[in-house]
Amino acid sequence: MTVVPEVKDTSPEKLLAPVLSAFWDEDRSWTLDVYRRHEGYEGLRKALAMSPDDLIAYVKESGLRGRGGAGFPTGMKWQFIPQGDGKPHYLVVNADESEPGTCKDIPLLFANPHSLIEGMVIACYAIRSSHAFIYLRGEVVPVLRRLHEAVREAYAAGYLGENILGSGLDLQLTVHAGAGAYICGEETALLDSLEGRRGQPRLRPPFPAVEGLYACPTVVNNVESIASVPAILKNGKDWFRSMGSEKSPGFTLYSLSGHVASPGQYEAPLGITLRQLLDMSGGMRPGHRLKFWTPGGSSTPMFTDEHLDVPLDYEGVGAAGSMLGTKALQCFDETTCVVRAVTRWTEFYAHESCGKCTPCREGTYWLVQLLRDIEAGKGTMSDLDKLADIADNINGKSFCALGDGAASPIFSSLKYFREEYEQHITGRGCPFDPAKSTAWADRPEVNA
Amino acid sequence: MTTSSSERGVSLGMPELPAPAYPDDVRARLEADAREVIARYPDSRSALLPLLHLVQSEEGHVTRTGMQFCADMLNLTTAEVTAVATFYTMYRRKPSGDYQVGVCTNTLCAVMGGDAIFETLQEHLGVGNGETTDDGKVTLEHIECNAACDFAPVVMVNWEFFDNQTPGSAKRLVDDLREGRPVQPTRGARLCTFKETARILAGFPDERPGAVEEGGSAGPASLVGLRLARGEAAPARVVHPRGGPREEPQDRVHEPSPAEHLSSHDAPLDTSASDPAHPAGPTAEEGE
């Protein structure tokens, strides 16, 4: 486990770095007027003054990596698009934010949708695309409303449409609402869904950069990745690289949730630790201590209080045995039953498994059966090995990353909390009281 | 096997008649809308998800007539449309209430109280998961993570956010909905009906004056980091807006019994072919 060097100045002013969230508290922050008052669309002007190839190189040199989970370098994704191939190119923004615990893109789009639109125009100029899509999960109508309005404003102001800012660039932007399917966050399933099909992942290769939407070269990027591009152009790649580390440069949104004193969004340079975030925000809820947490959503192996000082960047979290994922820091205190938590996540994966491949479809089903029995006190000790065995038969053997995600909470909880599973079996039931975990458990006026 | 298929209530062999068409005026109106949606995409089939939202905005759920309409507009078979309509959870396959109340019971919200809220509402409304109250107002269901974990526990009504809920606030919420009292989401615009929501999802902007700006710029939890970075004191713990500090006592504390699966309210939906009361299967021409 890596431990960061002692930080001299631990004040939030030094540790946090609001960029995308810098003016979310302003009145009508989501409008074009307010965005422009904060130098909105200045990054686009700088980008249009460069050649598309130089622009791709610039974003690559900034070191920006994908914020949707995998951490793939954004500029490299753009560079993979074959040029001069005579086919249309597409940009598809993945706004299907559904990973349990993840809640950064939705507030970003609600409060500052123009940062995404500006980033999309820049990206389309770079990859020579004239039609871009935002695939927004359907269950967030307030965000859809603002995206509709922001796109309308951008067309009216000449940031979308024909001959954008006199550059000769034409760009059509379509906002597309999904219809409820976690799997559509997987990029190839998203493309199938956007083509009007069941959202099931595709075999790769061919990769989307070669055969994506309508079998044409396609870049699929996460909302936060694309929304970070305008600030990089505006303030420069050196500014961006001055934050975070060599391999994980820049700023990002951390989403703190669960049994903490102040859940919410914290934008900071990559590499901040959970201890620092908790120290500045009031820690866990009063009288309780951290038991387990996820660094980046339920699909990333869980951590415990041993991992409070792990630097939350791609390398730091990876070295400690998990993944940075979406930086969804779901924190659970000692009142929470880990078996209950893992059972519920596993039920989610079973529900959301698209059914295309056998290991995931069958494996998640059987994991749920075993976990429900264990949670209810009807399990046997051999069930624990069976759990691990089934998870092992899903992990790395399924068609897409959903299966790997389903195995993560099983492996990691068995690693850190095997005793708690055993307690459920030997004690013939769950030793925890769910009422103690609720948000109102310590508020006497509610619980009376 | 001694009972016949009809005695068991299972229809075998008799092909279903084609779905009835929309009345001419409805069809003409929907066709104009559909053409607008289709024009947004390089390939017409991409319009299928929005068109299913569109037909849902007409009838409140996706009917065989609606699916036939989508198939006609996109030159697809009804089998192709059915395959898509049954894959996504936001398409309802039976008549439901004006207000869809979804309680998040994914792990974080469940632990923070979503399970207790869902139980309370089931008991209070006398309906189970996916069921509608007798007055046709409220359809209750449990939902998966809705990307608002910093506002847990979360309840969605017609896909608008009701943050930081308690059993008490959720009961008042559904009572208000059933009594027709105005209800304001925590973030976002005042509620519209499920059908009106479906039309926005089909890609038609909300035309109500002021709807886009309602709910302010960002919810309180979205701003905690920003405020700290500015040197402002850590905010007080967010209190849900509907209840205020006073809450009636919680009705019951959940006692898990070994026989009960805390998480087992996730029964799969009937597939269309096995749901004879609400058939959504292929029409007769294509055979079953």
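Throughout, residues of each chain are indexed from 1 in the direction in which the sequence is written. Both sets of labels track the order of writing: A upward for chains, 1 upward for ligands. Only residues with pLDDT of at least 70 are given local features in this predicted model, and only at 80 or more are side-chain atom pairs given and counted; all residues enter the totals for whole chains, interfaces and linings. Only heavy atoms go into the side-chain values, all of them from the structure, while hydrogens and water stay out.

Further remarks concern the interface of chain A and chain B. At the junction of the two partners, chain A supplies 103 residues and chain B supplies 96 residues. Summed over both partners, buried area is the accessible surface (1.4 Å probe) that two parts give up on being assembled. Summed over both sides, the interface of chain A with chain B buries roughly 7700 Å², with 59% coming from carbon and sulfur. By the criterion of area lost to chain B, the three top residues of chain A are Arg145(A), Arg344(A) and Trp440(A), representing 10% of everything that side buries. Salt-bridge detection follows one rule: a side-chain nitrogen of Lys or Arg within 4 Å of a carboxyl oxygen of Asp or Glu. Counting the contacts that link chain A with chain B gives six salt bridges. Among the ionic pairs, Glu213(B) bridges to Arg28(A), the shortest N-O distance being 2.7 Å. Pairs of residues are marked as contacts when any of their non-hydrogen atoms sit within 4.5 Å.

Residue and element names in this part refer to chain A. Taken N-terminus to C-terminus, the directions of helix 16 (residues 381-394) and helix 17 (residues 401-426) make an angle of 175°; their axes are 9 Å apart at the nearest point. Regarding the angle of helix 16 to helix 17, the classification is roughly antiparallel. For the pair helix 16 and helix 17, contact is made by Met381, Leu384, Asp385, Leu387, Ala388, Ala391, Asp392 and Ile394 and by Gly403, Asp404, Ala407, Ile410, Phe411, Leu414, Arg418, Tyr421, Glu422, Ile425 and Thr426, respectively. Its residues assigned to classes, the contact of helix 16 with helix 17 comprises 12 nonpolar, two polar and five charged. Only the contacting stretch of a helix is used when fitting its axis, a line to C-alpha atoms as for every element, and angles between N-to-C directions run 0 to 180 degrees. Comment: elements are numbered from the N terminus, with helices defined as DSSP H or I runs of at least four residues and strands as E runs of at least two. Small angles under 35 degrees read as roughly parallel and large ones over 145 as roughly antiparallel, with 65 to 115 read as roughly perpendicular and the rest as oblique. The nonpolar class holds Ala, Val, Leu, Ile, Met, Phe, Trp, Tyr, Cys and Pro. Asp, Glu, Lys and Arg form the charged class, and all remaining residues, Gly among them, are polar.

Going from Pro205(A) to Pro206(A), the amide bond is cis rather than trans, its omega being 5°. The topology assignment puts Pro206(A) in the loop between helix 9 (187-194) and strand 4 (218-222). Positioned with a positive phi, Leu165(A) is a non-glycine residue whose angle comes to about 50°. Tracing the chain through its elements places Leu165(A) in the loop between helix 8 (141-156) and strand 3 (172-177). Relative accessible area decides the class of each residue, using a 1.4 Å probe on protein chains only: under 20% of the type maximum gives buried, over 50% gives exposed, and in between gives partly exposed. You can call Leu165(A) partly exposed: its relative accessible area is 32%. We note that Asn164(B) has phi near 45°; this positive angle belongs to a residue other than glycine. Along the chain, Asn164(B) turns up in the loop between strand 5 (160-162) and helix 6 (167-179). The class for Asn164(B) is buried, based on a relative accessible area of 13%.

Nonpolar cores were defined as sets of buried Ala, Val, Leu, Ile, Met, Phe, Trp, Tyr and Cys residues, with membership established by side-chain atoms within 4.5 Å. Counting 196 residues, the largest nonpolar core has Trp78(A), Leu91(A), Leu387(A), Leu51(B), Leu52(B) and Tyr88(B) as its most contacted members. Per-element tally for this core: the top contributor is helix 7 (residues 113-127) of chain A, with 10 residues. If we skip the residues at most four places from it in the chain, Leu52(B) touches Val62(B), Met67(B), Cys70(B), Val81(B), Val84(B), Ala85(B) and Tyr91(B). By size, the runner-up hydrophobic cluster in this structure holds 29 residues, among which are Leu256(A), Met280(A), Leu312(A) and Ala229(B).

Next up on the list: the pairing of strand 2 (residues 131-136) of chain A. All names here are of chain A. Of all six residues making up strand 2, six are buried, and the element is well covered by its neighbours. The alternating pattern of strand 2 places His131, Phe133 and Tyr135 on one face and Ala132, Ile134 and Leu136 on the opposite face, and all of these are buried. Whether a crossover is right-handed comes down to one check: with the strands pointing away from the viewer, does the path from the first strand over the helix to the second run clockwise; if it does, it is right-handed. Read as a crossover between parallel neighbours, the route from strand 2 over helix 8 to strand 3 is right-handed.

Right, let's talk about the packing of aromatic side chains for a bit. Note on aromatic pairs: each is described by the distance of the centres and the angle between the planes. Residue and element names in this part refer to chain A. Between the rings of Phe, Tyr and Trp (Trp by its six-membered ring), a pair exists once the centres lie within 6.5 Å; its type follows the angle of the planes, with under 30 degrees stacked, over 60 edge-to-face, and the other angles tilted. On inspection of all chains with the given rule, the structure shows 21 aromatic pairs over all chains. When the ring of Tyr182 is compared with that of Tyr349, the centres are 6.2 Å apart and the planes differ by 70°; the resulting orientation is edge-to-face. One end of the pair, Tyr182, is in the loop between strand 3 and helix 9; the other, Tyr349, is in helix 14 (residues 338-352), with 167 residues separating them in the sequence. Across the pair, Tyr349 and Tyr182 agree in class, each one buried.

All names here are of chain B. Close contact between helix 1 (residues 24-38) and helix 3 (residues 64-74) brings their axes to 11 Å; oriented N to C, the two are set at 50°. The orientation of helix 1 with respect to helix 3, classified from their angle, is oblique. Here the hand of the crossing between helix 1 and helix 3 comes out right-handed. In contact with Arg27, Leu30, Glu31, Ala34, Arg35 and Ile38 of helix 1, helix 3 contributes Phe69, Asp72, Met73 and Leu74. Here the residues of the contact of helix 1 with helix 3 are counted per class, giving six nonpolar, no polar and four charged. Whether a crossing is left-handed or right-handed is set by the direction in which the near helix is turned from the far one by less than a right angle, anticlockwise for left-handed and clockwise for right-handed.

A separate point is the pattern of salt bridges. Evaluation of the coordinates by the stated rule reveals 45 salt bridges over all chains. Its salt-bridge partner being Glu224(A), residue Lys104(A) comes within 3.0 Å of it at the nearest N-O pair. Placement of the pair is Lys104(A) in the loop between strand 1 (90-95) and helix 6 (105-111) and Glu224(A) in helix 10 (residues 223-235), with a sequence separation of 120 residues. Neither Lys104(A) nor Glu224(A) differs from the other in exposure class; each is buried. Salt bridges sharing partners connect three or more residues here, namely Arg340(A), Arg344(A), Glu347(A), Arg372(A) and Asp115(B).

Residue and element names in this part refer to chain B. Two strands qualify as a pair provided DSSP detects at least 2 bridges between them. As summarised here, the arrangement of the five strands in space is 2-3-1-4-5, forming an open sheet in which the pairing is mixed. Each of the sheet's edge strands pairs with one partner strand only, and the pair in question is strand 2 (131-132) and strand 5. Bridge analysis of strand 1 (residues 99-104) against strand 3 (residues 138-143) gives six bridges, and the strand direction is parallel. Its bridge partner being in strand 3, Tyr99 is matched across the sheet by Val138. Of the strands in this sheet, strand 1, strand 3 and strand 4 (155-157) touch helix 5 (residues 107-125), which is tilted by about 140° from strand 1.

This paragraph deals with the sheet that holds strand 1 of chain A. All names here are of chain A. Spatially, 3-2-1-4 is the arrangement adopted by the four strands of the open sheet, whose pairing is parallel. Looking at strand neighbours, the two that pair on one side only are strand 3 and strand 4, the edges of this open sheet. On average, each strand axis in the sheet is inclined to that of its neighbour by 20°, with strand direction left out of account. Judged from the six bridges that link them, strand 1 and strand 2 form a sheet pairing that is parallel. Bridge pairing links Tyr90 to His131 in strand 2.

This brings us to the pairing of strand 3 of chain A. Residues and elements named next belong to chain A. By the criterion of burial, strand 3 is predominantly enclosed, with five of the six residues buried. One ladder, built from six bridges, connects strand 2 with strand 3; its direction is parallel. The partner of Ala132 across the bridge, within strand 3, is Leu173.

Glancing now at helix 16 of chain A. Residue and element names in this part refer to chain A. Residue count minus one, scaled by 1.5 Å, sets the expected span of a helix. Taking 1.5 Å per residue, 14 residues should reach 20 Å; helix 16 reaches 21 Å between its end C-alpha atoms and fits that length. Buried residues belonging to helix 16 abut helix 15 (358-375) and helix 17. Looking at the residues trailing helix 16, positive phi occurs at Gly396, about 75°.

Burial of helix 9 of chain A is extensive: eight of the eight residues sit out of reach of the surface. Next to the buried residues of helix 9 of chain A lie helix 5 (74-79), strand 1, strand 2, strand 3 and strand 4 of chain A together with helix 2 (48-59) of chain B.

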